[in-house]
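# Fold and contact review
Single-letter residue listing:
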Amino acid sequence: MYYAKIAYKILLLLYFLAFASQNKANAQVVIGTPNLGFSQACASDAFNNFSTTFVFSPPEALEASNQFTIEMSNADGDFTNPTVVFTSNAGAITSSPATVNFSLPITTAGENYKIRVKSSAPVSTSAPSAIFAAYYKIQDSPFTINNLVSTAAFCLGGSYLLTIDNPGTGTNDSPLNYPNLTFNWFKETGPTTSVFVAEGPTLLVNEEGTYFVETNYGTCTSNSFSNRVTISEITSGEAIAGISSSLGNPFCPGQDMTILSTLSGNSYQWYKNGIAIPDATDQMYQTNESATYSVQVDLGECTASGEIQLVSELFEGTINVSETNSLEEGETLFVEITTTASAPEFEWYLNDELIPGESEATYEASEFGTYKVVVSETSGCIGSREFNFEIEEAIDQFPDVANIPNIVSPNGDGINDTWIIPVQYTSGSNTEVLIMNNQGKVILQTNDYQNNWPIEQLEISSVNQVYYYIITPTNQNTRKGSITVVK
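Report on the accompanying structure. None of the values given here were measured: they were computed from a predicted structure.

### Let's talk about the overall build of the protein
- The helix and strand inventory of the protein stands at one helix and 40 strands.
- For the protein, the C-alpha radius of gyration of 44 Å lies well beyond 23 Å, the compact-globule estimate for 487 residues.
- In terms of its C-alpha atoms, the protein occupies a principal-axis envelope of roughly 165 × 80 × 45 Å.
- Burial statistics for the protein: of 487 residues in total, 38% are counted as buried.

Quick look at the structure:
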């Protein structure tokens, strides 16, 4: 009898537990409409954290495995293919109300988004939230149009195409690099007012005015906007073609070239200090030199021209020696660099090999060869300049030769390039040296011969040329003969 009562109580307990479990399995939970913790969601790389609060009942109906998810509609508020922007850990949310944070996908762009809340155990879905604007500002910095040229023109009855630069100039972060973005063009109506003109990455302008474009982030404010371009219609004469420098003006060249740009046209010709630059016939021209640059632009039925005084901020520098220098064996050459560079550094090279330990503005050169010194500015406008010079072994202009040569080969090979005669007839001896061609015309007549004839390169033909000399020293012991000039 005792064991029968025990069995009965166990059976009753198992029945109660099964009944309770069945009731929980069949339990329902109701989730209220989510409340938004924001009026509009304007996300970016710097900020992408938004909250929503929702209630649910009864909390005890939630199973231990339950997860809450936040789903976001498409830009039209449709949940056919929703995007999950938040999922809780299993059993993490057990009390109501609950507040969770979520982030926007980078493709978010629209004015009519909604979110809703879903539970997994038991399965339940809330009503959609209120509509809200949401944008992920994937590009949120100023950008350039028209190659940063602030003016443009079109001929009477024509038009001008404004375009967003891609990639643009300098450090321009072109929004065209982000395919999901759209753009709104505006025309200024006053110093602080403007009107919407059109959408798209380009704008065909046929009315004078000042135009600009913004990335379309709807009601979200942003820094994604372009420079202004003032466009004129040419009825007569020649228009002004603006010129911009990608590195500014003055510009810091560093290791880069600045890009000069002008308005769009049919053809172009660039000039430097008034002289046409060969093959510089594009809308852009690269340079790192200070000068006055101008451009002529063919617009079709009319033309435009512009000019810019381009100034480089790179430091100035000079070297105190010539490009080519001659030294006798054992002599040295003192070389000094004078520069306006800020915190300059110096590197000296001989035959393209760095000279160890030489880092000052001066150097005592003693070896024959080709030298180079690189001066670098290490603060401010970072950049460098090179100075080159060469040291050659000095040639003895008055060697002690015994005989008067009758052959000269002025071909620059260092052998018999000039007519070298004994020193008793050269400079300081007051000897008259006379050279004539084969027709008797005097080519050279001097009492101070420097062993340097022919001073200039002769036009040597395939036929050897013959010249005649008369050497008359002070003792009147005249010497005569011929000189054959060969290749």
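### Regarding the packing of aromatic side chains
- If you walk through the whole model with that rule in mind, you get 20 aromatic pairs.
- Aromatic pair W453 and Y467: ring centres 5.4 Å apart, planes at 70 degrees, arrangement edge-to-face. Here W453 is found in the loop between β38 (442-446) and β39 (465-472), whereas its partner Y467 is found in strand β39, with 14 residues between them in sequence. For the pair W453 and Y467, a shared accessibility class is recorded, and that class is buried.
- Among the aromatic residues, those joined into a cluster by ring pairs are F38, F47, F50, F102, Y113 and F132.
- In this arrangement the basic side chain of R385 is found over the ring face of F315, its NZ or CZ atom lying 5.8 Å from the centre.

### Observations regarding the sheet that holds strand β13 (residues 151-155)
- With mixed pairing, five strands are arranged side by side in an open sheet as β13-β19-β18-β15-β16. Two strands lie at the open edges of the sheet, namely β13 and β16 (194-199), each paired on one side alone. Across the sheet, the axes of successive neighbouring strands diverge by a mean angle of 30 degrees, strand direction being ignored.
- Relative to strand β19 (residues 229-234), strand β18 (residues 209-215) is paired through three bridges, and the arrangement is antiparallel. Along β19, the bridge assignment pairs G209 with I231.

### Some words on the state of the cysteines
- Taken as a whole, this structure holds three disulfides when the rule is applied.
- Here C42 pairs with C220 through a disulfide, and the sulfurs are 1.9 Å apart. With the S-S dihedral at roughly -85 degrees, the linkage between C42 and C220 falls on the left-handed side. Remark: C220 occurs in the loop between β18 and β19 and C42 occurs in strand β3 (residues 40-44); sequence separation between them is 178 residues.
- Given a relative accessible area of 6%, C220 falls into the buried group.
- Here C252 connects covalently by a disulfide to C381, the sulfurs 1.9 Å from one another. For the disulfide bridge between C252 and C381, the dihedral angle about the S-S bond is near 110 degrees, and by the sign convention the bridge is right-handed.

### Re the sheet that holds β38
- Reading across from one edge, β36-β40-β39-β37-β38 is the order of the five strands in this open sheet, with mixed pairing throughout. Edge positions in the sheet fall to β36 (407-408) and β38, since each of these pairs with one other strand and no more.
- The pairing of strand β37 (residues 432-436) with β39 spans five bridges and is antiparallel. Residue M436 lies in a different strand from β39, and its bridge partner there is Y468.

### So, the pairing of strand β27 (residues 303-310)
- Taking every second residue as pointing to the same face, the buried face of β27 carries A304, G306, I308 and L310, while none of T303, S305, E307 and Q309 on the other face is buried.
- When strand β20 (residues 239-240) meets β27, the two strands line up parallel, connected through two bridges. Residue pairing in the sheet places A239 in a bridge with A304 of β27.
- As defined by bridge partners, strand β26 (residues 291-298) adjoins β27 across eight bridges and the pair is classed as antiparallel. Within β27, the residue paired with D298 across the bridge is T303.

### A few points about the environment of D400
- Following the sequence through the fold, D400 ends up in the loop between β35 (383-393) and β36.
- Of the residues examined, D400 reaches a relative accessible area of 72% and is grouped as exposed.
- On a C-alpha basis, the gap between D400 and F251 in space is 58 Å, while along the polypeptide they are 149 residues apart.

Cut-offs and rules
- Residues numbered from 1 in each chain as written.
- Predicted model: local features only at pLDDT ≥ 70, side-chain atom pairs only at ≥ 80, totals over all residues.
- Heavy atoms only, no water.
- Helix = DSSP H or I, 4+ residues; strand = E, 2+ residues; numbered from the N terminus.
- Rg over C-alpha atoms; globule rule 2.2 N^0.38 Å.
- Buried < 20%, exposed > 50% of the residue type's maximum accessible area, 1.4 Å probe, protein only.
- Phe/Tyr/Trp six-rings, centres within 6.5 Å; stacked < 30°, edge-to-face > 60°.
- Lys NZ or Arg CZ within 6 Å of the ring centre and 35° of its normal.
- Pairing = 2+ DSSP bridges.
- Axes fitted to C-alpha atoms, helices over the stretch in contact; angles between N-to-C directions.
- Disulfide = S-S within 2.5 Å.

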